[in-house]
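Chain and residue survey
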Amino acid sequence: MVRVLLLENIHADAVARLEAEGYQVESVSSALDEAELIERVQGVALLGIRSKTKVTAAVLDAADSLVAIGAFCIGTDQIDLVAAAAKGVAVFNAPFSNTRSVVELAVSEIIALTRRLTEKNAGMHAGVWDKSADGAHEIRGRRLGIVGYGNIGTQLSVLAENLGMHVSFYDTADKLALSNAHRCASLEELLETSDVVTLHVDGRPGNAGFFGADQFARMRRGSIFLNLSRGIVVDHVALRDALAGGRLAGAAVDVFPHEPKGRGDEFVSELRGLPNVILTPHIGGSTEEAQSDIGDFVANKLVHFVHEGNTTLSVNLPGVALPQQDGMSRIVHVHVNTPGVLAQVNSILAEHKVNVEGQLLSTRGEYGYLITDISGGYSDEVLDRLRAMDQTVRLRVLS
């Protein structure tokens, strides 16, 4: 029986897909801290998480049966990918499924803040009729600065241009500009020329505190700021000061340095109570369409890995996909990437008269991933010899 543990209220489509394979699925609505996860992960073959659960090296050490981790979200910085690879545990995510949902939220917030809808709405609920155009603008003709030009940043770029905005972007990697988007040579250039600045960067440790008082001071007076990426990248005290001092006309924040573990828990932030700030509880990708797509996409990746050993789009192991042949046994070999591994594996198989029908090897950095299909029988000694190789990280046999 393949045991599956799904955390953080993962979509029912994922549960249904995994249960259809005969797996024993346990779903938990909230995140687990390290101690709780260490206790619960023992005996689990597949672990599914979203953004709040941290899969540390200590968790992986306690995971005596873990085969793969599914991150039912875009980011994987909450997982120790190096430690997972060192144990032959594959990690899969959903890099595209919720892109549209995040982009639509960003566009709606840009319009709402540019038109001062949050302040008008609060006034109306307080019984104040304030019919005035002061400080309200169209987004057409204004410049959007996108920091991080990945899947989300590029799609936002296209939609913003279709709405009549001018687009600039800054990315540390060399990215192709779409349509008429302007690539900025520096972050400072983007900040000094944009009416709206939106962050779409990852949560790697080096990005912690990436955007603070110095960056807000460079932004144009009366500009708007959005962060729908990672909570750790922004200094929220500096953001509050920039709003209170009039440097910024408004902000929208969907991610926070410290987020409640579960629905209904108290949310604490320096940004609460500010009338020109839109606060949302990390819902950038939380639409029914996105969560359904994510659930189906990641669950399928996990199933294909369990049954076929395919690692296409794995974020920490080399990508290998070998079509299955009826009547064959499949040996999956995760190993340290050193010269001669393939020759050594084939020498062991040949020595024991094992016939190879199909084979595919790929390497990425420190590790290699080899799939070998064999016909006929094989002895336990073959597997023992393969496991005993100095380079072997993990060996799985799939029938």
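The notes below deal with the structure included here. (Residues numbered from 1 in each chain as written. Predicted model: local features only at pLDDT ≥ 70, side-chain atom pairs only at ≥ 80, totals over all residues. Heavy atoms only, no water.)

**Describing the sheet that holds strand β13 (residues 329-336)**
- Ordered by their spatial adjacency, four strands build an open sheet running β14-β15-β13-β16, and the pairing between neighbours is antiparallel. Edge strands, defined here as strands with exactly one partner in the open sheet, are β14 (355-364) and β16 (392-398). Neighbour-to-neighbour, the strand axes of the sheet open up by a mean angle of 15 degrees, direction not taken into account.
- Sheet contacts for helix α11 (residues 288-308): β13, β15 (367-375) and β16; angle to β16, the most-contacted strand, approximately 85 degrees. (Pairing = 2+ DSSP bridges. Helix = DSSP H or I, 4+ residues; strand = E, 2+ residues; numbered from the N terminus. Axes fitted to C-alpha atoms, helices over the stretch in contact; angles between N-to-C directions. Contact = heavy atoms within 4.5 Å.)

**Re the sheet that holds strand β5 (residues 90-92)**
- In space, the five strands of this open sheet follow the order β2-β1-β3-β4-β5, with parallel pairing throughout. Edge positions in the sheet fall to β2 (24-27) and β5, since each has one partner strand and no second. Mean inter-strand twist for the sheet, computed between neighbouring axes without regard to direction, equals 15 degrees.
- Its contacts with the sheet place helix α1 (residues 12-20) against β1 (3-6), β2 and β3 (46-49), and it is angled at close to 160 degrees to β2.
- α11 contacts β3, β4 (68-71) and β5 of the sheet and is inclined by roughly 170 degrees relative to β4.

**So, the nonpolar core**
- In terms of nonpolar packing, the biggest core is built from 33 residues, with Leu6, Leu18, Tyr23, Leu46, Ala68, Phe72 and Tyr369 touching the most fellow members.
- Contributions of two or more residues to this core are made by β1, α1, β5, α11, β13 and β15.
- Element by element, the count of residues in this core is highest for α11, at seven residues.
- Once residues lying within four places of it in the same chain are set aside, the contact partners of Leu6 are Val15, Leu18, Val25, Glu26, Ser27, Val28, Gly48 and Phe72. (Core = buried A, V, L, I, M, F, W, Y, C linked by side-chain atoms within 4.5 Å. Buried < 20%, exposed > 50% of the residue type's maximum accessible area, 1.4 Å probe, protein only.)

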